[in-house]
Amino acid sequence: MKRVVWIVALLLLGLAAAPSLRAEDDEARAHRIGMLLRCPVCQGMPIADSPSDMAQAMMKRVRELVAEGKSQEEILAYFAERYGEWALLEPKAEGFTFLLWILPPLALLAGFVVLRAYARRLPRAAPPPQSAPPEAEETSDPYLRAVRREVDG
Amino acid sequence: MNWRNAFLVALVVLPLMALLAFGFGRDPRRVPFALAGKPAPDFTLTTLDGKQVTLSQLRGKPVVINFWSTWCEPCKVEHELLQQAASFYGSAAHFLGVVYQDDEAAVRKYLESRSNRYPQLLDPGTRVAIDFGVAGVPESFLVDADGVVLERQAGVVTAPLVRAWLDGRVDGRTN
């Protein structure tokens, strides 16, 4: 009997906590979406991080749209419709923006091809000479002559 | 450098220069006019007098919508000009002021000592400003008689600009 009471109490506690958990979930979603939207009165700052009144108003709108059950794509599209793709901190790879995505890897590839072609055209380094080491030059320095005698035995 | 190398260099350098020219030719902070040629977002807002104004009910005449606030100095500069324009075009065009992120009492006090010939609307939550893609004040829009957003001015409006917007779009001026 005592066990049943515990289970019922836990279930009731879970039901009571569910709305607040969902609210927290909604807030996390709103913040995540806010991080993808550019604040129109700041310099490249997401609305989720900006203290400006405009960004706060936009965050409030994001929260409303999240509460209405709108998806992330729908909310981003809502702001893009009003502020253009400019409002998106991670613009879609479409149109002119596509160039920004594709140009860096293309430039890297082109650089690699050019370097490879250049390296192929360079003359190969000559192999080291196989001839015997040159005889030690005669010297008039008595100290040097003494050292050579010691070394050569 | 032979012609082949020159061609390869040009192939790399010219598009890069074009890209840089395009990038430097634009102000990255300038918010684009995304509503150009699109139907104006409809709204119903309350005036300072407690009356309700619905944008879609103003179809048939061009509408100039001016977002402003009392803490914005350039807004004060254009206030008198917009009042004169509203007087000049009379019933041939609608003028609406939308108060942007301001205190109602401050707006009332500001307008007490100035002429006001058109409705001043309160925008709780900045909802309508966001719907119009407003990034700051002053910002003004021209909505044509069919409810399509034709023009935007981010900054102070001038007399020639208002004339360019409305002359030719109004049937006749009635003072």
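Residue positions within a chain follow its written sequence, with the count starting from 1. Each chain is given a letter, starting from A, and each ligand a number, starting from 1, according to the order in which they appear as written. Only residues with pLDDT of at least 70 get local features here, since the model is predicted, and only at 80 or more are side-chain atom pairs given and counted; chain-wide, interface and lining totals rely on the full set of residues. Working from all heavy atoms in the structure, the side-chain values ignore hydrogens and water.

### Things to note about the packing of helix 2 (residues 53–67) of chain A against helix 3 (residues 72–83) of chain A
Residues and elements named next belong to chain A.
Step number 1: Note on geometry: axes are C-alpha line fits, over the in-contact stretch for helices, and angles between N-to-C directions span 0 to 180 degrees. Each helix corresponds to a stretch of at least 4 residues labelled H or I by DSSP, and each strand to a stretch of at least 2 residues labelled E; elements are numbered beginning at the N terminus. The contact between helix 2 and helix 3 brings their axes to 10 Å, and the two run at 140°. Put simply, helix 2 runs oblique to helix 3. Remark: the crossing between helix 2 and helix 3 carries right-handed chirality. Residues Met54, Met58, Arg61, Val62, Leu65 and Val66 of helix 2 touch helix 3, and the partners they reach there are Ile75, Tyr78, Phe79 and Tyr83.
Step number 2: Nonpolar residues are Ala, Val, Leu, Ile, Met, Phe, Trp, Tyr, Cys and Pro. Charged residues are Asp, Glu, Lys and Arg, and all others, Gly as well, are polar. Classifying every residue of the contact of helix 2 with helix 3 gives nine nonpolar, no polar and one charged. Each angle is binned into one of four classes, with values under 35 degrees roughly parallel, values over 145 roughly antiparallel, values of 65 to 115 roughly perpendicular, and all other values oblique. A clockwise turn of the near helix away from the far one marks a right-handed crossing, whereas an anticlockwise turn of less than a right angle marks a left-handed crossing. The contact rule is simple, with two residues in contact once any of their heavy atoms fall within 4.5 Å.

### Points about the environment of A:Glu85
Residues and elements named next belong to chain A.
Step number 1: In this structure, Glu85 sits in the loop between helix 3 and helix 4 (95–121).
Step number 2: With 48 residues separating them in the primary sequence, Glu85 and Leu37 have C-alpha atoms 9.8 Å apart.
Step number 3: In this structure, Glu85 is in contact with Ala80, Pro91 and Lys92, ignoring residues within four places of it in sequence.

### Notes on the packing of helix 2 (residues 73–89) of chain B against helix 5 (residues 159–166) of chain B
Residue and element names in this part refer to chain B.
Step number 1: Relative to each other, helix 2 and helix 5 sit at 35°, their axes nearing to 10 Å. The way helix 2 lies across helix 5 gives a crossing that is right-handed. Along its contact with helix 2, which presents Leu81, Ala85 and Tyr89, the element helix 5 presents Ala159, Val162, Arg163 and Leu166.

### A look at the packing of aromatic side chains
Step number 1: Stacked, tilted and edge-to-face are the three classes assigned to paired rings of Phe, Tyr and Trp, where Trp is represented by its six-membered ring and a pair needs centres within 6.5 Å; plane angles under 30 degrees give stacked, over 60 edge-to-face, the rest tilted. Across all of its chains, the model carries 10 aromatic pairs over all chains by this definition.
Step number 2: For the ring pair B:Phe33 and B:Phe141, a centre distance of 6.3 Å and an interplane angle of 55° mean the geometry is tilted. Highlighted residues: B:Phe33 in the loop between helix 1 (3–24) and strand 1 (44–47) and B:Phe141 in strand 6 (residues 139–143), separated in sequence by 108 residues.
Step number 3: Ring centres 6.1 Å apart and planes at 65° place the aromatic pair B:Phe43 and B:Phe132 in the edge-to-face group. Here B:Phe132 lies in the loop between helix 4 (127–131) and strand 6 and B:Phe43 lies in the loop between helix 1 and strand 1, a separation of 89 residues in the sequence. The two residues B:Phe43 and B:Phe132 agree in class, both being buried.
Step number 4: A cation over a ring is seen here: A:Arg38 above A:Trp86, with NZ or CZ 4.9 Å from the ring centre. Each residue gets one of three labels from its accessible area relative to the maximum for its type: buried under 20%, exposed over 50%, partly exposed in between, using a 1.4 Å probe on protein chains only. Look at NZ for Lys and CZ for Arg. If either is within 6 Å of the ring centre and within 35 degrees of the ring normal, a charge sits over the ring.

In short, geometric facts, not functional conclusions.
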